[in-house]
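Chains, contacts and geometry: an overview
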Amino acid sequence: MATAAALLMLVAATATPAVALQCPAIPGETLVYIDVYDGPPENEGSLVPDQHQNRATKTAWNTWELYQNPERIYVKCGYGARLEGPYSRTEFIMLPESAKACRADFKIGPKSTDLTLQKFSCR
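The paragraphs below set out a description of the structure included in this document. (Residues numbered from 1 in each chain as written. Predicted model: local features only at pLDDT ≥ 70, side-chain atom pairs only at ≥ 80, totals over all residues. Heavy atoms only, no water.)

Among the nonpolar cores identified, the biggest contains 21 residues, and I34, W64, L66, V75, L95 and F120 are the most heavily contacted of them. Among the secondary structure elements, those contributing two or more residues to this core are β2 (31-38), β4 (59-65), β5 (73-80), β7 (101-108) and β8 (115-122). (Core = buried A, V, L, I, M, F, W, Y, C linked by side-chain atoms within 4.5 Å. Buried < 20%, exposed > 50% of the residue type's maximum accessible area, 1.4 Å probe, protein only. Helix = DSSP H or I, 4+ residues; strand = E, 2+ residues; numbered from the N terminus.)

As structure tokens, then:
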């Protein structure tokens, strides 16, 4: 029985992430964190977004202009209560080769560093 459970965990860990343009909606979970990777996440090739802010509307947004490489672009989706973590769940998606850009929209709290993710999608 333990061998079957270990094999199932190994298969899940090495499974190719779903191809999608946005993080999956998970019942009971709130998407709070995004990271975009150039290649598989284990290569740690995190892409730095262009950061924007509108203080009048208390909004901020990050954008990533993408180019495709043979290893593809991946997104880490963190679910939990706060942007800083800890995360109750983490999912990875692989963007389709046609993806050109991604955007994460945030609401700014009392301090400019208090950000709440409102929406994330790629096109």
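A few words now on the environment of L31. Take L31: it is sitting in strand β2. Measuring from C-alpha to C-alpha, the distance between L31 and L117 comes to 7.2 Å, with 86 residues separating the pair along the chain.

By the definition in use, this model includes two disulfides. Across the disulfide, C23 is cross-linked to C77 (sulfur-sulfur distance 2.0 Å). Disulfide C23 to C77: torsion about the S-S bond roughly -80°, handedness left-handed. With C23 in the loop between β1 (18-19) and β2 and C77 in strand β5, the pair connects residues that are 54 residues apart, well separated along the chain. Here C102 pairs with C122 through a disulfide, and the sulfurs are 2.0 Å apart. Note on the C102 and C122 pair: the S-S dihedral is about 100°, so by sign convention the disulfide is right-handed. With C102 in strand β7 and C122 in strand β8, the pair connects residues that are 20 residues apart, well separated along the chain. Both residues of the pair, C102 and C122, count as buried. (Disulfide = S-S within 2.5 Å.)

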